[in-house]
Amino acid sequence: METNLKSKAFQEFSNAAETLVNPVLQHWKDQGGKVIGYFCSTVPEEIITAAGLTPFRMRATGSTGTEESDAFYSSINCSFPRHCFNQVLTGDFKFLDGIVCVNSCDHVRRIYDNWKRFVPTDFIEMMSLPRKTGPDQVGWYTDELAMLKDKVGKHFGVEITDDRLWKAIKLHNETRRLQKKLYELRKQEKPPITGAETLAVMVAGTAMPKEQYNEKLRELLDELSGTEGPGSHRARLLIVGGILDDPAYVKVIEDQGGLVVTDSTCFGSRLIWVEVDENASDPVAALAQYYLTDRPSCPRMYGEHDNRAQYVIDMCREFNCDGVIGERLIFCDSWLVEHYMLGQDLKAAGIPMLKLDREYLTSGIGQLRTRVQAFLETMGR
Amino acid sequence: MVDKGLERTIAERDHFEFLLKFLEESPYETSHLLIPLVKANLDHYKDTVRYIEEGKPIIASYFSNAPEIFTAMDIHWYCPVSAAFAGAGANPYLMNDLEGADKLAVSSDICTLLRMAMYYTEAGLLPRPTAIVGMIIPCDGIVALHEASRRSKEWRGIPMFAPDPPYFTDERSIDYFAQELRRMVDFLTEHTGQKLDIGRLREVVEVTNEQYQLWQEINELRRAVPCPFNWGVGGGPFALTQNRWVGDPRGLEWFKAALADSEKLVKAGKGWLENERIRLLWFDVHPTWFFDLAPWLEEEWKAIIVMDMFSYCPYTLVDTSSEETMFHDLAKRNLMDTTMIRQAVGVADNFASDLVRIVKDYKIDCVVWPAHMGHKDGAASVGIMREICRDLGVPFLSIGIDTFDPRYTTPDEVKNTMSQFFTAMGLG
Amino acid sequence: MLVGGCDVGSATGKAVVMKDGEIISYVIIPSTTKPEVTARTVMDEAIEKAGLSSIDDLDYIVGTGYGRLKVPFANENISEITCHARGAHWLSPTVRTVVDIGGQDCKVMSIDEKGKVLEFVMNDRCAAGTGRFFEAMARVLDCGLEGLSSLSLQGKNPSTITSQCSVFAESEVVTLINEGMELVDIVAGLHNSIAGRLNSMVRKVGLVEDLALTGGCAKNDGLAKALEEKLGVAVKKLPQDPQIAGAIGAALIAEEKLNGQS
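Residues numbered from 1 in each chain as written. Chains lettered and ligands numbered in written order. Predicted model: local features only at pLDDT ≥ 70, side-chain atom pairs only at ≥ 80, totals over all residues. Heavy atoms only, no water.

Chemist: Can you help me understand the overall build of chain A in this one?
Modeler: A tally of helices and strands in chain A yields 14 helices and eight strands. A compact globule built from 381 residues should have a C-alpha radius of gyration of about 21 Å, and chain A, at 20 Å, falls within 12% of that. Its C-alpha atoms give chain A principal-axis dimensions of roughly 60 × 45 × 40 Å. Every one of the 381 residues in chain A was classed for burial, and the buried ones make up 66%. For chain A, the proportion of contacts with a sequence separation of at least 24, taken over those separated by at least 6, is 76%. Entry remark: accessible area of chain A is about 13200 Å², with carbon and sulfur atoms responsible for 47%. Looking at chain A, you have 45 positive and 54 negative side-chain charges, and the mean spots of the two groups are 2 Å apart. (Helix = DSSP H or I, 4+ residues; strand = E, 2+ residues; numbered from the N terminus. Rg over C-alpha atoms; globule rule 2.2 N^0.38 Å. Buried < 20%, exposed > 50% of the residue type's maximum accessible area, 1.4 Å probe, protein only. Contact = heavy atoms within 4.5 Å. Areas by Shrake-Rupley, 256 points an atom, 1.4 Å probe, with all protein chains shown as cover. Lys, Arg positive; Asp, Glu negative; His and termini not counted. Charge placed at Lys NZ, Arg CZ, Asp CG, Glu CD.)

Right, here's the structure in full:
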């Protein structure tokens, strides 16, 4: 990705976001380390880390088509699982030692079924994710997580003690803190890092062991602290949506002069804005509480729209945003209606919003440019 | 200020009133099974209007929420999406409703039913409920609809409770959902003042048990070659046990009559169709435009719809010995035996095992996956369906329709596709 | 103050020269495969028509349209959304909803009393409702674009065209011809189908009168009539060729930039 950042650490992050297996992950594997893929933000990475494994958030980086997965999915399905499953079928995910799924959405939940039936895999698990986020659901999800922990432990021959879990939680919380520091830098008038660059850093964080990641991130933060960017943007934007893992998409937006200074996305601020409670008595319950309730939710959760809208509005104020871009992958029901409601909420709050439909593979760049440019013009910027 | 919700409900009541009169006075032979279904609908709308006019509490709920409990608590409820559905063309405002839905700034790649429901809410065409018991199973879209309803100007602030669905159907999941049903009862009591008497619930469930038992027997007769039952009143069992005459002895009468009809045919070695040639599984519910397709299938191709998702809700009878067993079994039924939800919820094994069972038991000649545009999980299951059909040696057709909107793929286009399929597969 | 607006579209290039807020010349040419060539050619012709000696006579030039990034002599480029809205509003200040039907895309803008865009929706993913679609139809029916318009107006019983896709609509049309449907009814049906699509887009931004059409296809009276019927409002006819609305808007913005107004 084209960037003005000279940082070596950033270069590594950028490369990690543009590939599936980056050198750090490869090294981990070469040393005998194991990698567990997972779908959706609500799968606790900490359980995987606590088992001595590396969690890997599933994406379809590098996919060029869906010829293989077309036999399993239909044209009215979301392009994200179609590309992911295509790569499963072409063997790009052979590096995984297991996969954990949740019923996040109607499109992705069938990856579990298709994967299980058609691709021999040693370790493939599905957890039951509630639709509500209340105390009863936290109780349910705590049990689900406990069962996952047992299954992972049994299969990989590790006893995942509370100690190991707390250690993992502390490590992942440290990651969140560091990433949040990165976000805080973007509150400046001339942020030293763009939205595209930040996304690369965040994606990289889901693709390598956290210890090494944290080290490199600290390096990057050191390099960026006290610096400022060119400040040549026309407007400060927040981007809200689901699975957005392609910095190139954000770059097209930013090339029009709309600097993305914050977000609410699956690879973005929702992962880091709050931390797992390190003072809780039971680590599994603490994880359930965090992943289900404490974290800003995604629209597949029922009863949370007001909270989600408030989160976006608060973010806009905190980061001094001029407007919001809502992106969704076409055929996504959850984000379609969420953006419909959010548009009205933001209008009431006096914040302009542009809604964009996209496909998983970034294409139609000319059309994207036109819409973003027009949006900036309507904001008078 | 005219309450549009009341206005529309009155119009629907009048529509069924007219339909009933028309059928009763028609010189042509009308299936004696159809009239009670129309009556059941009419009674429902009459009650709804009466409750609104008398200012009594009225709940918006869904057929998946243990309707037996509502009957036992003497709570009147209506389903916000039922106006769209109204079964096989009974919605005379369908085109207006579709155009209304099109006017919303919501893209049409989400299930049309949900857009229609959003339209009904925003246009004030639904009676304003005292409280809402939602349905957040089986799909993303229905959850999104509920979020939109909660937030809408029209319904904001109306208390809403939705039982949370577990993804699996094992004992732990059933117990969890049973707890949710108990919370639902507390919610209902809070907002209507009605209490649940377990003895009354037992009475109601004993009636629905009998209804389901008869339903099972009818289903078994449908296995006969030739098949004695046709699509015309295919939505009946679902409508009566889960929506209209829940726990009502009148429902029993209907099932007995339907069973008697089928038995008579089977005993005589006859089927609904003379010269039945194709036994078809329509692996979804009936579209609103089915009257434009199903009769043609019967006439043109001698194809009979032996089974569909309206009818495939096999059901373990509810054990009425205690409160615990009743809640447990009602939870199980809601999770596993509700129309269409049964096949969409949870892992693919749920629909897959149904598919295998139906093809074998009902001697199906071809499987049709209508591929309604709103079934995103179903769309992601076609590979699995195809493989199962291949293993079973039965032809499989995926069409691509909109269950609610005949403009998406017109009935003529569907007929064309099906004709080509039958010819290519050497059927009929 | 001499300013220029250059709208480089997929099908045609348009240039407008304005002096002190008045149009002194405008030109429309078919696009070439190279946007920069189209831009240069159309601008040069407009300069000549205005009686000016060279492009340097213009104080400020704004480029817009699909090829706006390739207008080498433009001082800056502005999206065609903003430009069409501006142009339509200048041509008719009571306009509040603009439906632009271009060669390769169509868009709807809701605008305020100053011609500023409030909201917009675009369809640039498929040919239905664009110039390409009408060209294809005119070819199949062998009647030319003006022919399409006049045929449509004569249709008394418009056929129902159900295909969403313009390629399939073409086959559907051929089928209808073979079935002996009246040509005028088929063409009217086509226009109704497109009007339906545009109607959906208008509903998404919210219809506020007056509504005007811009772009090449705006000159199709059959389409205007079909749209009026679908929307239930009259389409406000613009006093100039609606195809140059984008270039006018660009020129107006050029003037504002000079005056330091934006």
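Chemist: Would you take a moment to explain the side chain of A:Ser74 for this structure?
Modeler: For A:Ser74, the position within the fold is in the loop between strand S2 (54-57) and helix H4 (79-89). With relative accessibility at 18%, the residue A:Ser74 sits in the buried group. Within the local environment of A:Ser74, its side chain forms a polar contact with the backbone oxygen of B:Ala379, the two atoms lying 2.7 Å apart. Once residues lying within four places of it in the same chain are set aside, the contact partners of A:Ser74 are A:Arg82, B:Ala379 and B:Val382. (Polar contact = N/O pair within 3.5 Å; in protein donor to acceptor, adjacent residues only side chain to side chain.)

Chemist: I keep staring at the confidence of the model for chain C and nothing clicks. Help me out?
Modeler: A low pLDDT means the predicted coordinates there should not be read in detail. Residue and element names in this part refer to chain C. For chain C, per-residue confidence averages 90 on the pLDDT scale, and 98% of positions sit at 70 or higher. By mean pLDDT, the top-scoring element of chain C is strand S4 (residues 60-64) (97), and the lowest-scoring one is helix H5 (residues 166-178) (81). Interface predicted TM-score (ipTM) for the complex: 0.95; the corresponding pTM is 0.93. (pLDDT = per-residue confidence, 0-100.)

Chemist: Would you explain the packing of aromatic side chains in this entry?
Modeler: Aromatic ring pairs are defined here through the distance separating the ring centres and the angle between the ring planes. Counted according to the given criterion, the structure contains 31 aromatic pairs over all chains. Taking the centre distance of 6.5 Å and the plane angle of 65° together, the rings of B:Phe283 and B:Trp369 count as edge-to-face. Here B:Phe283 is found in the loop between strand S5 (278-282) and helix H12 (294-301), whereas its partner B:Trp369 is found in strand S7 (residues 366-369), with 86 residues between them in sequence. By the ring-pair criterion, three or more aromatic residues cluster together here, those being A:Phe72, A:Tyr73, A:Phe85 and A:Phe118. (Phe/Tyr/Trp six-rings, centres within 6.5 Å; stacked < 30°, edge-to-face > 60°.)

Chemist: Would you take a moment to explain the packing of helix H4 (residues 144-154) of chain C against helix H7 (residues 221-231) of chain C for this structure?
Modeler: Helix-helix packing: each pair is described by the crossing angle between the helix axes and the interaxial distance. All names here are of chain C. Between H4 and H7, the least distance of the axes is 7 Å, while the angle of their chain directions is 40°. Relative to H7, the element H4 lies oblique. In this structure, H4 contributes Ser149, Ser152 and Leu153 to the contact, and H7 contributes Asp221, Gly222 and Lys225. Considering only residue class, the contact of H4 with H7 consists of one nonpolar, three polar and two charged. (Axes fitted to C-alpha atoms, helices over the stretch in contact; angles between N-to-C directions. Parallel < 35°, antiparallel > 145°, perpendicular 65-115°, else oblique. Nonpolar A, V, L, I, M, F, W, Y, C, P; charged D, E, K, R; others polar.)

Chemist: Sorry if this is basic, but what is going on with the sheet that holds strand S7 (residues 323-329) of chain A here?
Modeler: Paired through backbone hydrogen bonds, the strands of a sheet run either parallel or antiparallel to each other. Residues and elements named next belong to chain A. Spatial strand order, S6-S5-S7-S8: four strands in an open sheet with parallel pairing. Both outer strands of the open sheet, strand S6 (258-264) and strand S8 (353-358), are each paired with one neighbouring strand and no more. If you compare each strand with its neighbour and ignore which way they point, the axes differ by 30° on average. In the packing of helix H10 (residues 247-255) onto the sheet, contacts are made with strand S5 (235-240), S6, S7 and S8, and the angle to S6 comes to roughly 135°. Lying over the sheet, helix H14 (residues 365-378) contacts S5, S6, S7 and S8, oriented at roughly 175° with respect to S8. (Pairing = 2+ DSSP bridges.)

Chemist: I keep staring at the domain arrangement of chain C and nothing clicks. Help me out?
Modeler: Size of an interface, as often reported, equals the accessible area lost when the parts are brought together. All names here are of chain C. Domain parsing of chain C yields domain 1 (1-92 + 239-262) and domain 2 (94-237). Put simply, the middle of domain 1 and the middle of domain 2, counted by C-alpha atoms, are 25 Å apart. Taken together, the contact between domain 1 and domain 2 spans 18 residues of the former and 27 residues of the latter. For the pair domain 1 and domain 2, the two sides together bury roughly 1600 Å², of which 62% comes from carbon and sulfur. Of all residues in domain 1, the largest losses of buried area upon contact with domain 2 belong to Ile81, His89 and Ser92, amounting jointly to 35% of the total for that side. In this assembly, domain 1 and domain 2 are joined by one salt bridge. Residue Asp241 is joined to Lys219 by a salt bridge in which the shortest nitrogen-to-oxygen separation is 2.9 Å. In this assembly, domain 1 and domain 2 are joined by nine residue pairs in polar contact (both at pLDDT 80 or more). Considering each element in turn, the side of domain 1 that touches domain 2 owes the most residues, eight residues, to helix H2 (residues 80-91). (Domains from an automatic or database assignment. Buried area = accessible area lost by both parts, 1.4 Å probe. Salt bridge = Lys/Arg side-chain N within 4 Å of Asp/Glu carboxyl O.)

Chemist: Is there a simple way to explain helix H15 (residues 348-361) of chain B in this structure?
Modeler: Working note: α-helix, 3.6 residues per turn, so residues spaced by three or four point in the same direction. Compared with an ideal rise of 1.5 Å per residue, which puts 14 residues at 20 Å, H15(B) spans 20 Å between its outermost C-alpha atoms and is within 8% of the ideal. Once H15(B) ends, the next one or two residues include B:Lys363, with phi positive near 50°. (Expected span 1.5 Å × (residues − 1).)

Chemist: Quick question: what am I supposed to make of the nonpolar core here?
Modeler: Generally speaking, nonpolar side chains in soluble globular proteins are found buried as a group. Formed by 129 residues in total, the largest nonpolar core has its most connected members in B:Ile69, B:Met184, B:Leu196, B:Phe283, B:Leu355 and B:Val367. Sort the elements by how many residues they give to this core and helix H9 (residues 198-221) of chain B lands first, with 10 residues. Leaving out residues up to four positions away in the same chain, B:Ile69 has contacts with B:Met184, B:Val185, B:Leu196, B:Leu201, B:Phe327 and B:Leu330. Counting residues in hydrophobic clusters, the runner-up holds 107 residues, among them A:Val88, A:Met208, C:Leu91 and C:Met109. (Core = buried A, V, L, I, M, F, W, Y, C linked by side-chain atoms within 4.5 Å.)

Chemist: Looking at this structure, I do not really get helix H7 (residues 140-151) of chain B. What am I missing?
Modeler: Between its terminal C-alpha atoms H7(B) stretches 17 Å, which fits the 16 Å expected from 12 residues at 1.5 Å a residue. For H7(B), a buried count of 11 out of 12 residues is recorded, marking the element as mostly surrounded by other parts of the structure. The set of residues buried in H7(B) consists of B:Asp140, B:Gly141, B:Ile142, B:Val143, B:Ala144, B:Leu145, B:His146, B:Glu147, B:Ala148, B:Ser149 and B:Arg151. Each element contacted by the buried residues of H7(B) is listed here: helix H12 (305-318) and helix H13 (333-348) of chain A together with helix H6 (112-122) and strand S4 (160-161) of chain B.

Chemist: I would appreciate a short explanation of empty space enclosed by the protein in the present structure.
Modeler: Residues and elements named next belong to chain A. Counting across every chain of the model gives 10 cavities of 30 Å³ or more. In this structure, the largest cavity spans a volume of roughly 530 Å³. Cys40, Ser104, Ile243, Cys266 and Cys298 are the residues nearest the centre of the largest cavity, which is lined by 33 residues in total. For the lining of the largest cavity, the secondary structure elements donating two or more residues are H4, helix H11 (283-294), S7 and H13. Top element by residues in the lining of the largest cavity is S7. It accounts for three residues. Split by residue class, the lining of the largest cavity holds 20 nonpolar, seven polar and six charged. Of the pockets and cavities examined, the second largest cavity occupies roughly 160 Å³. Along the wall of the second largest cavity there are 17 residues; nearest its centre are Glu45, Thr206, Lys210, Leu271 and Arg295. Among the elements that take part in the lining of the second largest cavity, helix H7 (residues 162-185) stands out by supplying four residues, more than any other. Classifying every residue of the lining of the second largest cavity by side-chain character gives six nonpolar, six polar and five charged. (1 Å grid on protein atoms, 1.4 Å probe; cavity = no way out; pocket = protein on both sides within 12 Å on 5 of 7 lines; lining within 4 Å. Points joined across faces, edges and corners; volume = space filled by probe spheres on them.)

Chemist: Is there a simple way to think about unusual backbone geometry in this case?
Modeler: Glycine aside, the phi torsion of most residues is negative, and most peptide linkages are trans. Residue B:Pro226 follows B:Val225 across a cis peptide bond; omega there is 0°. Along the chain, the position of B:Pro226 falls in the loop between H9 and helix H10 (236-242). In this model, C:Glu209 is joined to C:Asp210 through a cis peptide bond whose omega is 5°. Among the secondary structure elements, C:Asp210 is positioned in the loop between helix H6 (183-205) and strand S9 (211-214). At B:Ala66, a position not held by glycine, the phi torsion is positive, near 35°.

Chemist: What's the story with the interface of chain B and chain A in this structure? I'm lost.
Modeler: At the junction of the two partners, chain B supplies 57 residues and chain A supplies 52 residues. Approximately 4400 Å² of surface area, both sides summed, lies buried where chain B meets chain A, with 51% of it carried by carbon and sulfur atoms. Taken together, the connections running from chain B to chain A amount to 12 salt bridges. Between B:Glu180 and A:Lys132 there is a salt bridge, with the nearest N and O atoms lying 2.9 Å from each other. Counting across the interface, chain B meets chain A through 35 residue pairs in polar contact (both at pLDDT 80 or more). Elements supplying a minimum of two residues to the side of chain B that touches chain A: H6, H7, S4, helix H8 (171-192), H15, helix H16 (376-379) and helix H17 (382-392) of chain B. Per element, the largest residue contribution to the side of chain B that touches chain A is nine residues, and it comes from H7(B).

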